[in-house]
Amino acid sequence: MPATDTLIRLDKTPDEAATPLMRVRDLTVEFRSGRKNWVTAVQNVSFDVAAGESVALVGESGSGKTVSSLAVMGLTGDTGGRISRGSVEFDGRDLVSAPPSDWRALRGTGMGMIFQQPIRSLNPAYTVGDQIAESVRRHLGLDRRAAMARAVEMLDMVQIPRAADRVKEYPHAFSGGMCQRVMIAMVMACNPRLLIADEPTTALDVTVQATILQLLRDLQEQTGVALLFVTHDLGVVAELCERVVVMYAGEVIEDGPVNDVFFAPHHPYTSGLLESIPRPGATGGRRLTAIPGRIPAAGEWPAGCHFHDRCGHAVAGLCDGTHPPLEPTTTGRAARCLRVADLDLRGVTA
Ligand SMILES: Nc1ncnc2c1ncn2[C@@H]1O[C@H](COP(=O)(O)OP(=O)(O)OP(=O)(O)O)[C@@H](O)[C@H]1O
Ligand code: SF4
Ligand SMILES: [Mg+2]
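These remarks concern the structure in this document. Here the structure is a predicted model, which means the values were calculated and not measured.

A few points about the nonpolar core
Inference 1: By size, the foremost hydrophobic cluster in this structure holds 61 residues, and its most contacted members are Ile132, Leu155, Ile184, Phe229 and Val237.
Inference 2: Ranked by residue count, the leading element in this core is helix H8 (residues 176-188), at eight residues.
Inference 3: Taken domain by domain, this core gets at least three of its residues from each of domain 1 (17-110 + 192-279 + 287-335) and domain 2 (121-191).
Inference 4: Look past the residues within four positions of leucine 155 in its chain and what remains in contact with it is Val128, Ile132, Ile160, Ala163, Arg166, Val167, Val182 and Ala185.
Inference 5: If you look at the next biggest cluster of nonpolar residues, it comprises 33 residues, including Val45, Phe47, Leu57 and Leu70.

Now the structure itself:
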């Protein structure tokens, strides 16, 4: 495993580049395998999230999106893993090397996370108002009355009708989409600067998905919160995000502005993902292609490029022997491919 392959951004002035809201570098997470061994689930993950920016984290199932998201929230220990290397800077301060209480304090006020199954994140034994109020009291130190007023204000903000009444109801009285709104209300109640959303709409039906995405857009506009949006839906990425970080087999393999990456990807895996997007309304056009083969699980990554056994551009003797670093390609972009200079890849142009 390479010791480090820190990404360097080229599109920002040195000052801006020095102070993103969150800067993740070489983040490596392992899980226990058997009694003595550890298996690496993500390695050398590096990306930035600027204040107010929306960044998508995409990749097939098992690529390492959730492991990376939980790690930047400081929740790796709760899942039985450990961060073995790397840093997660928030506002210029590394949290990996800070006391755990610092990270805990930032969860809520600095950054918050919502998940795929909102109902599982809510406690069925308490009203939604009590749960939002409790979070606000703990993080912001408001008294009971002010915290409950904040809960009503937040339910209203996430467009739950009759917020003052519904705040007294229990989670089972809310639909899946409404539960996700409650979770968003709970996280946003403490004014975080970064919202991490791990597939927040995957469990919802299509029309509800659209309303939750619109809500996230509105909240970003109103509050300026930055968004790290985890998804494997590239259509959503195009609608919601400015930058995209693509992961494959535990690594970041491409990073850049969404429009640029979608128009002309620099990594064959990104190109394959883009080729797989169904295009409603396209007539006589491109065939929907899926990338052949399967993503290797943690602990089963091949030598060389992790993608080489699925890559149509792989060169024997090169790609199966040399592990590519994540390197800057053009302004503001980076890719992890040994052939990046020779390839002219296909993006979404039609
Ligand atoms: N608690 C755990 N213990 C051991 N291995 C784990 C654990 N959590 C995740 N992994 C492994 O880490 C790798 C990355 O998993 P992760 O859940 O981050 O994928 P993902 O990109 O979020 O996928 P999905 O789209 O299905 O949510 C996988 O190989 C997975 O099996
Ligand atoms: S390094 Fe080789 S195998 Fe890997 S993506 Fe590039 S061309 Fe494909
Ligand atoms: Mg996941």
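Topic: the site of ligand 2
Inference 1: As a matter of local geometry, ligand 2 sits amid His267, Pro268, Cys305, His308, Cys311, His313, Ala314, Cys319, Cys337, Leu338 and Arg339.
Inference 2: Of the residues in the shell around ligand 2, the class split is seven nonpolar, three polar and one charged.

Some details on the site of ligand 1
Inference 1: As a matter of local geometry, ligand 1 sits amid 14 residues, with Ser61, Gly62, Lys65, Thr66 and Val67 nearest to it.
Inference 2: Interatomic distance of 2.8 Å between a side-chain N/O atom of lysine 65 and an oxygen atom of ligand 1.
Inference 3: A distance of 3.1 Å separates an oxygen atom of ligand 1 from a polar atom in the backbone of alanine 298.
Inference 4: Burial of ligand 1 by the protein amounts to 67% of the accessible area it has alone, namely 640 Å².

A few points about the sheet that holds strand S5 (residues 93-94)
Backbone hydrogen bonds hold the strands of a sheet together, and the pairing may be parallel or antiparallel.
Inference 1: Pairing within the open sheet is antiparallel, and its four strands lie in the order S2-S1-S4-S5. Each edge of the open sheet carries a strand with a single partner, namely strand S2 (37-49) and S5.
Inference 2: Two strands pair when backbone bridges link them, and strand S1 (residues 22-33) and strand S4 (residues 81-90) are joined in this way by eight bridges, in the antiparallel orientation. Along S4, the bridge assignment pairs glutamate 30 with arginine 82.
Inference 3: Seen against the sheet, helix H2 (residues 65-72) touches S1, S2 and S4 and runs at an angle of roughly 115° to S1.

Quick notes on the sheet that holds strand S12 (residues 334-335)
Inference 1: One open sheet accounts for eight strands, arranged S6-S7-S8-S3-S9-S10-S12-S11; its pairing is mixed. Strand pairing shows two members of the sheet lacking a second neighbour, strand S6 (111-114) and strand S11 (327-328), which therefore form its edges.
Inference 2: Where S11 lies against S12, two bridges are found, and the strand directions are antiparallel. When the bridges of S12 are listed, glutamate 327 appears paired with alanine 335.
Inference 3: Packed on one face of the sheet, H2 meets strand S3 (54-58), S6, strand S7 (194-198), strand S8 (226-231) and strand S9 (243-248) and runs near 135° to S3.

A short note on the packing of aromatic side chains
For any pair of aromatic rings, the description rests on two quantities: the centre-to-centre distance and the angle between the ring planes.
Inference 1: By the definition in use, this model includes three aromatic pairs.
Inference 2: Seen from their ring centres, tyrosine 248 and tyrosine 269 are 4.6 Å apart, and the 55° between their planes marks the pair as tilted. With tyrosine 248 in strand S9 and tyrosine 269 in helix H12 (residues 268-275), this pair connects stretches of sequence that are 21 residues apart.
Inference 3: What makes tyrosine 248 buried here is its relative accessible area of 1%.
Inference 4: Plain terms: the ring middles of tyrosine 269 and phenylalanine 307 are 5.3 Å apart, the flat faces sit at 70° to each other, and that makes the pair edge-to-face. Of this pair, tyrosine 269 sits in helix H12 while phenylalanine 307 sits in the loop between H12 and S11, and the two are 38 residues apart along the sequence.
Inference 5: Residue phenylalanine 307 is classed as buried on the basis of its relative accessible area of 4%.
Inference 6: One aromatic cluster is present, formed by Tyr248, Tyr269 and Phe307 through successive ring pairs.
Inference 7: A cation over a ring is seen here: arginine 82 above tryptophan 38, with NZ or CZ 3.8 Å from the ring centre.
Inference 8: The ring of phenylalanine 174 has arginine 166 lying over it, and the distance from NZ or CZ to the ring centre is 4.2 Å.

Some words on the environment of leucine 318
Inference 1: Tracing the chain through its elements places leucine 318 in the loop between H12 and S11.
Inference 2: The partly exposed category is assigned to leucine 318, whose relative accessible area is 32%.
Inference 3: The sequence separation of leucine 318 and serine 271 amounts to 47 residues, and the corresponding C-alpha distance is 20 Å.
Inference 4: Other than its neighbours up to four places away in sequence, leucine 318 contacts Leu338 and Arg339.

Here is what the cut-offs are and how they apply
Residues numbered from 1 in each chain as written. Chains lettered and ligands numbered in written order. Predicted model: local features only at pLDDT ≥ 70, side-chain atom pairs only at ≥ 80, totals over all residues. Heavy atoms only, no water. Core = buried A, V, L, I, M, F, W, Y, C linked by side-chain atoms within 4.5 Å. Buried < 20%, exposed > 50% of the residue type's maximum accessible area, 1.4 Å probe, protein only. Helix = DSSP H or I, 4+ residues; strand = E, 2+ residues; numbered from the N terminus. Domains from an automatic or database assignment. Contact = heavy atoms within 4.5 Å. Near = heavy atom within 4 Å. Nonpolar A, V, L, I, M, F, W, Y, C, P; charged D, E, K, R; others polar. Polar contact = N/O pair within 3.5 Å; in protein donor to acceptor, adjacent residues only side chain to side chain. Areas by Shrake-Rupley, 256 points an atom, 1.4 Å probe, with all protein chains shown as cover. Pairing = 2+ DSSP bridges. Axes fitted to C-alpha atoms, helices over the stretch in contact; angles between N-to-C directions. Phe/Tyr/Trp six-rings, centres within 6.5 Å; stacked < 30°, edge-to-face > 60°. Lys NZ or Arg CZ within 6 Å of the ring centre and 35° of its normal.

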